[in-house]
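# Reading the structure
One letter stands for each residue in the lines below.
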Amino acid sequence: MGDFFSNLSLGFGVALTLQNLGLAFLGCLVGTLIGVLPGVGPIATIAMLLPITFGLDPTGALIMLAGIYYGAQYGGSTTAILVNIPGEATSVVTALDGHQMARQGRAGVALGIAAIGSFFAGTVATLVIAALGAPLTKLALIFGPTEYFSLMVMGLVFAVVLARGSILKAIAMILVGVLLSTVGTDLETGEERMTFGLPFLADGIDFAVLAMGIFGIAEIMRNLDHTETRDVVRQAIGRLLPNRDDFKQSYKPVLRGTFIGAALGILPGNGAVLGPFASYTLEKKLAKDSSRFGRGAIEGVAGPESANNAGAQTSFIPLLTLGIPPNAVMALMVGAMTIHGIIPGPQVMTKNPTLFWGMIASMWVGNLMLLIINLPLVGMWVRLLKVPYRLLFPAILMFCCIGIYSINSLPTDVMFIGFFGFIGYMLIKFGFEPAPMLLGFVLGRLMEENLRRALIISRGSLETFIERPVSAGLLAVAAILLVIALLPSIRKGRDEVFTE
Amino acid sequence: MKKVVLALAAVAGLAATGAQAQGYPTRPITMIVPFAAGGPTDVIARIVSDNMSRTLGQQIVIENVAGAGGTTGITRAAQSQADGYTIMMGHMGTHGAAPALYPNLKYDPTKDFAPIGLAAGTPIVIVAKKDFPATDLKGFLDYLSKNADKVNMAHAGVGSVSHSTGIFFNSVVKAKPTMVAYRGTGPALNDLMANTVDFMTDQIVNVAPQIQGGNIKAYAIATPQRSPVLPNVPTTKEAGLEGYEVSAWNAIFAPKGTPPDVVKKLSDALMKSLDDENTKKRLLELGGVIPSNTERTPEALQKLVESEVARWTPVLKAAGATAE
């Protein structure tokens, strides 16, 4: 315990220097801004800003880059809530209820609870990293391909629970998502699958392209075909910040979300994406009236947002303690460290303690700054909704196009968001929900690759999924969840049979 | 007095425009790195171009165009204007292994480029999980030949350095381990550390920290000399394995048709960058090998590309490895 405090004080000593405070602020500010712009993600920004950090000392540079990362995570939720465009997989869930809240004139409350929940989650996650970072690393190593596949199966069950309406339609959408994720070059053989020989499909469909089209562009089309609902948003702005009732409803989801997000964030291979989905599923199942979900339930924003931020924070654990990046942004952080002469690996903690603990302490500082930056901004964002839609939507469209082009510099990506936008619009019209499809898309590739990897290693024996305890446990949970999810509809079906 | 100042200004102005007309570069140069930001090639590109920017007096902007084992970015760079304002960082995969891996490749590494020079080599290390029974390379090769069906080899996807060098390794030692593909080196290393897979071959910069931390073990480094980063790891030759010397070299190219004086300017800037103490130090920290003066020239690079294509094509074709 003494170690814990001396480490933290060493860390805060580094993080609270004037220079590092300034860099953390700058990072969070830039991150928030690019997070708000649809499409422009932290990867493009960090890659662009890397050369600027050459003149800084490594700790300062990394503090700034980390600030961009979690700033972007937060800014992404702002866009998800205001205009229903999830920039990243993790804010898909926020868009579900957050945007509904915005439509009901509660955008300020949604943004406020997201900021406060994120801050709380960030604080807890920072403490978790500081206290348990090193021992938790072992957890990352328990998760091999077998366990990962079972985790993804569990994740797909979340997708079923996520759906508001027909379970059958939700399952159909999940399968479409999984199918879409198989487009591109096969990892094991190098064969191209379902690319129709088109070169821009060789590396698969980009998540941002799919999400922006199916959520954002489709939303614009839907708004344009009945403008009256949009005017409601304009008239009723409502309170800017959550009140006591809102807090009362949210504090438990925040606590649970923080725990789930922090736990999943530690896993290698981007387990953090599951956090918000898991949290949403849990809240929906625990709620007395689950029909409110998808119609603007504050728990559906508070829980997933906390899970998101906690996961964003704890996903630094594999990077800092092992030097293994769990996702693309962390891979970029590895590059940033390498350029600054610090090669990430298990020795960073002992060789560069000021960097290690300084970064951890700066995470908390960064979270505090995000709160300070974002709470006053809430008013501004909400006022943005007052802009007449005929002026707002061309701007959103333009930013979407610029943002999506900036990711891969591919004109085809811009055309693709139009294509997916049209499909998204049709789906809404036919009563299919896009969220389960996106989850299927995110999990599909991980699931397929880990399934094949596990089977290659077990030489084709399916028993490997049951023989390994963690995997068996996860599959059991998935089965139980599925039964719970399906029971009501089965029972309903039966009732209908009896009434006839 | 006023007249003198005006005259001076005019002369200065003339001099400036004169310099602009013939003085490449007058605007920032784009360097296409065909891999995601943060990877070994990207890091080397950024380190080397930092000093080159200062020599040239114009910023070299890195643009990451990833995809299809680096061939997407190189294809785009090869088709861009040959005016010296678009250059690229190619590597062993894009300019050596690619013709064998991608039958529909839209460029010919030996013909479609104006080579600038070799930037850095990153040696390949043979690494295994720390619980692997063999203690040295001999024991490892022995185990491999006796238990071929039991051993799993990890690689970072078809077309990656670890994949090509792994296939090369298998062909040299005549082993047929089961190949397990990962999306990138990070996840592959993770499973190697967790004892899920048995061994892999990869660039020193990726594996050195884990070797030093005792999370995985290294059997040999595939270079003629030991690396200062891993002084205890023997070379393949020392460990008794002939014919497996391979490095994931990184080199700068311009599109074919780039004017010779521009190529010379870029090549001179690269040479100067590689002589810079700071650049050297950062490359060495990564375990990089800095090419000697004779290896850095455009001519030497052209020869290297030709010999690499000749080396990789039969090896990869025999293994039936294609990516299309």
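### Things to note about the overall build of chain B
- Looking only at helices and strands, chain B has 11 helices and nine strands in total.
- Computed over C-alpha atoms, the radius of gyration of chain B comes to 22 Å, within 12% of the 20 Å expected from 2.2 N^0.38 for 324 residues, which places it in the range of a compact globule.
- Principal-axis analysis of the C-alpha atoms gives chain B an extent of 90 × 40 × 30 Å.
- For chain B, restricting intrachain contacts to residue pairs at least 6 apart in sequence, the fraction spanning at least 24 positions comes to 78%.

### With respect to the overall build of chain A
- Along the backbone of chain A there are 22 helices and two strands.
- Rg of the C-alpha trace for chain A: 22 Å, near the compact-globule value of 23 Å for 500 residues, within the 12% margin.
- Along the first, second and third principal axes, the C-alpha set of chain A runs to 70 × 60 × 50 Å.
- Counting every position in chain A, which comprises 500 residues, the buried fraction comes to 56%.

### Points about the confidence of the model for chain B
- Looking at chain B, pLDDT values average 88 and 92% of them are 70 or higher.
- Per the prediction output, this complex has pTM 0.85; the corresponding ipTM is 0.82.

### Structural notes on the interface of chain A and chain B
- Counting from both sides, the interface comprises 39 residues of chain A and, opposite them, 41 residues of chain B.
- If you list the elements that add at least two residues to the side of chain A that touches chain B, you get α6 (107-142), α15 (328-339) and α20 (434-457) of chain A.
- Ranked by residue count, the leading element in the side of chain A that touches chain B is α15(A), at eight residues.

### Looking at the domain arrangement of chain B
All names here are of chain B.
- When the domains of chain B are assigned, the result is domain 1 (27-120 + 249-318) and domain 2 (123-221).
- For domain 1 versus domain 2, the separation of C-alpha centres amounts to 27 Å.
- Each side of the interface is counted separately: domain 1 has 14 residues, and domain 2 has 13 residues.
- When residues of the side of domain 1 that touches domain 2 are traced back to their parent elements, those giving at least two are α4 (92-101) and α11 (298-318).

### A look at the packing of helix α9 (residues 207-225) of chain A against helix α18 (residues 389-408) of chain A
Residues and elements named next belong to chain A.
- Put simply, α9 and α18 touch, their axes get as near as 11 Å, and they point 165 degrees apart. Overall, the two elements α9 and α18 adopt an arrangement that is roughly antiparallel. At the point where α9 passes α18, the crossing takes the left-handed sense. Residue-level contacts link Ala208, Val209, Met212, Gly216, Ile217, Ile220, Asn223 and Leu224 of α9 to Tyr389, Phe393, Ile396, Leu397, Cys400, Ile404 and Ile407 of α18.
- Partitioning the contact of α9 with α18 into residue classes produces 13 nonpolar, two polar and no charged.

### Quick notes on helix α5 (residues 137-146) of chain B
Residues and elements named next belong to chain B.
- Burial in α5 covers these residues: Leu137, Phe140 and Leu144. One side of α5 carries all its buried residues, which in axial view fall inside an arc of 60 degrees. Away from its buried face by more than 90 degrees, α5 exposes Asp142 and Lys146.
- In this structure, the buried residues of α5 make contact with β4 (113-129), α6 (161-173) and β8 (216-221).

### Some remarks on the nonpolar core
- Formed by 257 residues in total, the largest nonpolar core has its most connected members in A:Leu65, A:Ala110, A:Met212, B:Met31 and B:Val127.
- The residues that make up this core include at least three from each of domain 1 (27-120 + 249-318) and domain 2 (123-221) of chain B.

### Overview of unusual backbone geometry
- Cis geometry is adopted by the peptide bond preceding B:Pro25, which originates at B:Tyr24 and carries an omega value of -5 degrees.
- Backbone geometry at A:Asn84 places phi at a positive 65 degrees, although glycine is not the residue there.
- With 23 C-beta atoms packed within 10 Å, A:Asn84 lands in the buried category.
- One non-glycine residue, B:Asn195, adopts positive backbone phi at about 65 degrees.
- C-beta crowding within 10 Å serves as the criterion here: with 15 such atoms nearby, B:Asn195 is assigned to the partly exposed category.

### Focus on the packing of helix α3 (residues 42-49) of chain A against α15(A)
Residues and elements named next belong to chain A.
- Remark: α3 packs on α15, axes separated minimally by 9 Å, with the N-to-C direction vectors making an angle of 10 degrees. Comparing their axes, α15 and α3 come out roughly parallel. When α3 is examined against α15, the residues Pro42, Ile43, Ile46 and Ala47 are found in contact with a partner set consisting of Ala328, Val329 and Leu332.
- The residue inventory of the contact of α3 with α15, partitioned by class, reads seven nonpolar, no polar and no charged.

### Examining the environment of B:Asn51
Residues and elements named next belong to chain B.
- Within the secondary structure, Asn51 sits in helix α2 (residues 40-56).
- Residue Asn51 is classed as buried on the basis of its C-beta count, with 22 C-beta atoms lying within 10 Å.
- Separated by 218 residues in the primary sequence, Asn51 and Ala269 have C-alpha atoms spaced 8.0 Å apart.
- Apart from residues lying up to four places away in sequence, Asn51 is in contact with Lys272, Ser273, Asp276 and Thr279.

### What about the pairing of β4(B)?
Residues and elements named next belong to chain B.
- When you tally the buried positions in β4, you get 17 out of 17 residues, the bulk of the element.
- With five bridges connecting them, β4 and strand β7 (residues 199-203) associate as antiparallel partners. Of the residues in β7, the one forming a bridge with Val127 is Met200.

### Points about helix α9 (residues 260-275) of chain B
Residues and elements named next belong to chain B.
- Between its terminal C-alpha atoms α9 stretches 22 Å, which fits the 22 Å expected from 16 residues at 1.5 Å a residue.
- Those residues of α9 that fall on the buried side of the exposure criterion are Val263, Leu266, Ser267, Ala269, Leu270, Ser273 and Leu274. With its buried residues spanning 160 degrees around the axis, α9 presents them on a single face. Counted as exposed and oriented over 90 degrees from the buried face of α9: Pro260 and Asp261.
- Of the surrounding secondary structure, the elements contacted by the buried residues of α9 are α2, β3 (86-91), β4, β9 (247-255), α10 (277-285) and α11.

### Concerning the confidence of the model for chain A
- On average, residues of chain A score 84 in pLDDT, and 93% of them reach the 70 mark or higher.
- Within the model, the stretch residues 496-500 of chain A combines pLDDT values under 50 with zero contacts to residues more than four positions away or in other chains.

So, how was this worked out
- Residues numbered from 1 in each chain as written.
- Chains lettered and ligands numbered in written order.
- Predicted model: local features only at pLDDT ≥ 70, side-chain atom pairs only at ≥ 80, totals over all residues.
- Helix = DSSP H or I, 4+ residues; strand = E, 2+ residues; numbered from the N terminus.
- Rg over C-alpha atoms; globule rule 2.2 N^0.38 Å.
- Contact = placed C-beta atoms within 7 Å.
- Buried ≥ 20, exposed ≤ 12 C-beta atoms within 10 Å, placed from the backbone.
- pLDDT = per-residue confidence, 0-100.
- Domains from an automatic or database assignment.
- Axes fitted to C-alpha atoms, helices over the stretch in contact; angles between N-to-C directions.
- Parallel < 35°, antiparallel > 145°, perpendicular 65-115°, else oblique.
- Left-handed = near helix turned anticlockwise from the far one by under 90°.
- Nonpolar A, V, L, I, M, F, W, Y, C, P; charged D, E, K, R; others polar.
- Arc of directions from axis to C-beta.
- Core = buried A, V, L, I, M, F, W, Y, C linked by C-beta atoms within 7 Å.
- Pairing = 2+ DSSP bridges.
- Expected span 1.5 Å × (residues − 1).

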